[in-house]
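Close look at the chain arrangement
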Amino acid sequence: MRRLLATVLAFAVSTPAVAALAPGARAPDFTTRGAIAGKVVGVHLAEQLKRGPVVLYFFPAAFTGGCNAEARAFAEKVDAFRAAGATVIGMSADNVADLQRFSSSECAGKFAVASAGPKVVAGYDVALGKEVKGRQVTSRTSYVIGRDGRIVSVYSDMNPTEHVTRSLAAVQRLGTR
């Protein structure tokens, strides 16, 4: 019995959490501010979708170990995402000033990182249930959104290692449809 319970617990801990927005659901539109290469920019999901699919990845907080590694990994693969026709946008509940620095240092100026307000956090069901410095912390969840505004793929796991690989594979599969 103990072995069965240990196996079930190990599986539950190792299995990524499921986000509320399942494939096929309509992605909530939003307009917010963010930064690319340290410059403040407006980010409007509907405008980005006119260009092609969007990889919208939420991360807990700028300048933390896992988030830095994830941003660098997306930056390294941004050309592959672009070749597949997709735009990458990072999102967290960080303020725009912090994201300006983060966009230059960790994202290498290669893609936008934007500030997710409470409405966006709730709409994408990415609240981690923690607050740091008076702001919500988001879960680490990556959505691939098709040009039609529908969720194609979702991956939610606090470990950053698989987000880039899974998101890129989902975007590349879109090209074969």
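Here is a short report on the structure shown in this document. Along every chain, residues carry numbers that run from 1 in the direction the sequence is written. Local features in a predicted model are, by the rule used here, given only for residues with pLDDT of at least 70; side-chain atom pairs are given and counted only at 80 or more, and totals for whole chains, interfaces and linings are based on all residues. Note: side-chain values were computed over all heavy atoms of the structure, leaving out hydrogens and water.

**Topic: the packing of aromatic side chains**
Here is the rule: rings of Phe, Tyr and Trp (six-membered ring for Trp) pair when centre to centre is within 6.5 Å. Planes less than 30 degrees apart are stacked, more than 60 are edge-to-face, and the remainder are tilted. All told, the structure shown has 11 aromatic pairs when counted by the stated rule. Between the aromatic rings of Phe58 and Tyr124, the centroid separation amounts to 5.4 Å while the plane-to-plane angle is 45°, which identifies the pairing as tilted. Here Phe58 is found in strand 3 (residues 54-58), whereas its partner Tyr124 is found in the loop between helix 5 (118-123) and strand 6 (127-132), with 66 residues between them in sequence. There is no split in this pair, since Phe58 and Tyr124 are both buried. A ring pair is formed by Phe74 and Phe111, whose centres lie 6.4 Å apart and whose planes are at 65°; its orientation type is edge-to-face. Here Phe111 lies in the loop between helix 4 (96-105) and strand 5 (112-115) and Phe74 lies in helix 3 (residues 65-83), a separation of 37 residues in the sequence. Only protein chains enter the calculation, and the probe is 1.4 Å; a residue is then buried if its accessible area is under 20% of its type maximum, exposed if over 50%, and partly exposed in between. Taking relative accessible area as the criterion, Phe74 reaches 0% and is therefore assigned buried. According to the relative accessible area criterion, Phe111 is buried, its value standing at 3%. The helix and strand labels rest on DSSP assignments: H or I over at least four residues marks a helix, E over at least two residues marks a strand, and numbering proceeds from the N terminus.

**Regarding unusual backbone geometry**
Its identity is not glycine, yet Phe63 carries a phi of approximately 65°, on the positive side. Among the structural elements, Phe63 can be located in the loop between strand 3 and helix 3. Judged by its relative accessible area of 32%, Phe63 falls in the partly exposed class. Unusually for a residue other than glycine, Ala108 sits at a positive phi of about 55°. Mapped onto the elements of the fold, Ala108 is located in the loop between helix 4 and strand 5.

**Things to note about the pattern of salt bridges**
The working definition used for a salt bridge is a side-chain nitrogen of Lys or Arg within 4 Å of a carboxyl oxygen of Asp or Glu. A full pass over the atoms with the stated rule returns six salt bridges. In this structure, the salt-bridge partner of Glu106 is Arg72, at a minimum N-O distance of 2.6 Å. Of this pair, Glu106 sits in the loop between helix 4 and strand 5 while Arg72 sits in helix 3; the two residues are 34 residues apart in sequence, bridging distant segments of the chain. The class for Arg72 is partly exposed, based on a relative accessible area of 41%. Notably, a salt bridge pairs Asp79 with Arg82, separated by 3.9 Å at the nearest N-O pair. Taken together, the positions of Asp79 and Arg82, both in helix 3 and three residues apart, correspond to about one turn of that helix. Classification of Asp79 as exposed rests on a relative accessible area of 52%.

**What about the sheet that holds strand 2 (residues 39-44)?**
At least two bridges found by DSSP between two strands is the condition for calling them paired. The strand order across the open sheet built from seven strands is 2-1-5-4-3-8-9, with neighbouring strands paired in mixed fashion. Of all the strands in the sheet, the pair left with one neighbour each is strand 2 and strand 9 (151-156). In this sheet, adjacent strand axes meet at a mean angle of 25° when their direction is disregarded. Where strand 1 (residues 31-36) and strand 2 come together, six bridges link them in antiparallel fashion. Within the sheet, the bridge partner assigned to Thr31 lies in strand 2 and is His44. The strands touched by helix 6 (residues 163-174) are strand 3, strand 8 (141-145) and strand 9; relative to strand 8, the strand with the most contacts, the crossing angle is about 10°. Here the axes come from fitting lines to C-alpha atoms, over the contacting stretch only for helices, and the angles between their N-to-C directions go from 0 to 180 degrees. The criterion used for residue contact is that any of the two residues' heavy atoms lie within 4.5 Å.

**Description of the environment of Glu47**
Mapped onto the fold, Glu47 is located in helix 2 (residues 45-49). Glu47 gets classed as partly exposed once you look at its relative accessible area, which sits at 36%. Taking the C-alpha atoms as reference, Glu47 lies 9.6 Å from Asp29; in sequence the two are 18 residues apart.

This is a description of form; function is not addressed.
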